[in-house]
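Here is how the chains run, residue by residue.
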Amino acid sequence: MNMRRTARSAIGMVAMASVVALALAGCSRGGGGNDSSASSAASPGITDTSITLGITTPLSGATAGPGTCTVAGITAYFGEKNDKDGGVKFGDGKTRKVNIKALDDAYDPQKAKANYDQLKDSVFAMTAGLGTPTNRAWREAATADKVPQALIMTGDPIFSDQKQSPWSLGFVPIYQNEGEAFGKLLASSSGTHKVAILSQNDDYGKGYVEGFKKGIEGASNITIVKELTYEATDTSVDAQLTELAGTKADVFFNAMSITPLVISSLQKAQQLNWKPSWFLPSNTSSPSAILAPGKASAYPGVYTVAFAQSASAPTFASSDGGKQFLADLKQYANYPDTPAFPHCVWSWQVGAVLDQVFQKMTSPTRDEFMKELRSIKDYVAPLMLDGSSVNTTVDGQPAVSTVTVQKYNGKGFAPATSWE
């Protein structure tokens, strides 16, 4: 996929969406001429005819690929709803068009906070943005301002803790759940294994490692021989790879969120003639954007976890759901290529969950939104894998908490029920 062209196209789409949202901002507090008296109590960003959602996410830099997808998927979902249904029919009987206003934070926490400050008074809720440090940068402000931080793309459990984050909710499984799933799979092996770990030196990496250690707890056949970390701002992890290769571990847990570093790690380990089985997080395991350039087929096994269908799977484009998704992505989000990253599908699913919430809202307020956001149970969103569903009612868990471990087969992933 031409990542630069796709990113530019999506950013152009964002700019157009922003113009629409800005035009609506003047009446977002219920002061527009079309609003009824009932809307005078409405929260910012919503009128009788529209609702505006804000996103801060990386649209440039090393994480622009997945970041661009967080805007494209949700824009495509609501673009189709706006075009064919005139918007979403809310629980109060009014049909509202859904507008997206997105800003680039380049995976920089300071920029993310500045983006939030710019958006908070003109949008009804913030949603879908990618990144643990970037979303953390404005979590406390959103809590103080009582602005929903809904269904964001981070597995940090703090966002799903209602006491610490009453106005926030994560969408994707928490990092501990992913790490634990991999650990349990490895623990089921009949053989003995030495594990080397390289993790991001923040809550992202720590969460994965914590979950993995929980998954192998009590397993006498597994030994962690070395753990190293890296900073999200690092441009190379060659030194860490060299040190870890010296352990001759047969399993490598690479809890990494930076796409170029994952690719270079796959390449460097081969240069060192170190070929362990790998575990990669769900957000950095794209077959076409990461595993293919990293020549991951050289390894005995590359594992990840998933809860959603992969747009790059051979049968996806021919399925009914896949056809609609790809067509809407092209038409409404100006995203013509098959997504290399899962975030496009994830943000499409975020749109579907928000649709469910909107249908239940009987008043146009953020309080009502948060109440209904936390009432979704056993909802199977479009493009979900069998066994996965949305449940927002469990304190401490994100909207999606179930994962399926999968193994790379050279083109895509297939379910892995046992360690091979």
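Scroll up a little and you will see the structure.
Residues numbered from 1 in each chain as written. Predicted model: local features only at pLDDT ≥ 70, side-chain atom pairs only at ≥ 80, totals over all residues. Heavy atoms only, no water.

## What to know about the packing of aromatic side chains
- The full count for this structure, using the stated rule, is 27 aromatic pairs.
- Summarising the aromatic geometry, the rings of Phe-78 and Phe-358 are spaced 6.2 Å apart at their centres and angled 35° between planes, so their arrangement reads as tilted. With Phe-78 in helix 2 (residues 64-85) and Phe-358 in helix 12 (residues 343-360), this residue pair connects regions lying 280 residues apart in the sequence. Like Phe-358, Phe-78 is buried.
- For the ring pair Tyr-408 and Phe-413, a centre distance of 5.7 Å and an interplane angle of 55° mean the geometry is tilted.
- Taken together, the aromatic side chains of Tyr-77, Phe-78, Phe-90, Phe-124, Phe-316, Phe-325, Trp-348, Phe-358 and Phe-369 make up a single cluster linked through ring pairs. (Phe/Tyr/Trp six-rings, centres within 6.5 Å; stacked < 30°, edge-to-face > 60°. Helix = DSSP H or I, 4+ residues; strand = E, 2+ residues; numbered from the N terminus. Buried < 20%, exposed > 50% of the residue type's maximum accessible area, 1.4 Å probe, protein only.)

## Remarks on the pairing of strand 1 (residues 50-57)
- For strand 1, a buried count of eight out of eight residues is recorded, marking the element as mostly surrounded by other parts of the structure.
- Bridging between strand 1 and strand 3 (residues 95-104) involves eight bridges; their strand directions are parallel. When the sheet's bridge partners are listed, Thr-56 is paired in strand 3 with Leu-103.
- Across two bridges, the pairing between strand 1 and strand 4 (residues 125-127) is parallel. From the neighbouring strand, Gly-54 faces strand 4, where its bridge partner is Met-126. (Pairing = 2+ DSSP bridges.)

## Section: helix 2
- Compared with the 32 Å implied by 1.5 Å per residue over 22 residues, the 31 Å span of helix 2 between its first and last C-alpha is a close match.
- Most of helix 2 is tucked away: 19 of the 22 residues are buried.
- One or two steps after helix 2, the chain reaches Gly-86, where phi turns positive at roughly 75°. (Expected span 1.5 Å × (residues − 1).)

## Some points on the sheet that holds strand 4
- Taken in spatial order, the six strands make up an open sheet running 2-3-1-4-5-6, and their pairing is mixed. Among the strands making up the open sheet, the edge pair consists of strand 2 (88-89) and strand 6 (168-170).
- On the sheet, helix 13 (residues 366-373) packs against strand 4, strand 5 (149-152) and strand 6 and is oriented at approximately 35° with respect to strand 5. (Contact = heavy atoms within 4.5 Å. Axes fitted to C-alpha atoms, helices over the stretch in contact; angles between N-to-C directions.)

## Let's talk about the sheet that holds strand 10 (residues 277-279)
- With mixed pairing, seven strands are arranged side by side in an open sheet as 8-7-9-10-11-12-13. Strands at the two margins of the open sheet, each flanked by one partner only, are strand 8 (222-230) and strand 13 (413-415). Each adjacent strand pair in this sheet contributes to an overall mean axis angle of 25°, direction not counted.
- Bridging between strand 7 (residues 193-200) and strand 9 (residues 251-255) involves five bridges; their strand directions are parallel. Each residue of the ladder has a partner; that of Ser-199, found in strand 9, is Ala-255.
- The sheet contacts of helix 8 (residues 238-245) involve strand 7, strand 8 and strand 9, and relative to strand 8 the element is tilted by about 165°.
- Together, strand 8, strand 9 and strand 10 form the strand contacts of helix 9 (residues 259-271), whose direction differs from that of strand 10 by roughly 170°.

## Things to note about the packing of helix 2 against helix 12
- Here helix 2 crosses helix 12 at 40°, and the two axes come no closer than 7 Å. With respect to their mutual orientation, helix 2 and helix 12 come out oblique. Relative to helix 12, the crossing made by helix 2 is right-handed. Contacts from Pro-66, Cys-69, Thr-70, Ala-72, Gly-73, Ile-74, Ala-76, Tyr-77, Phe-78 and Lys-81 in helix 2 reach His-343, Cys-344, Ser-347, Trp-348, Val-350, Gly-351, Ala-352, Leu-354, Asp-355 and Phe-358 in helix 12. (Parallel < 35°, antiparallel > 145°, perpendicular 65-115°, else oblique. Left-handed = near helix turned anticlockwise from the far one by under 90°.)

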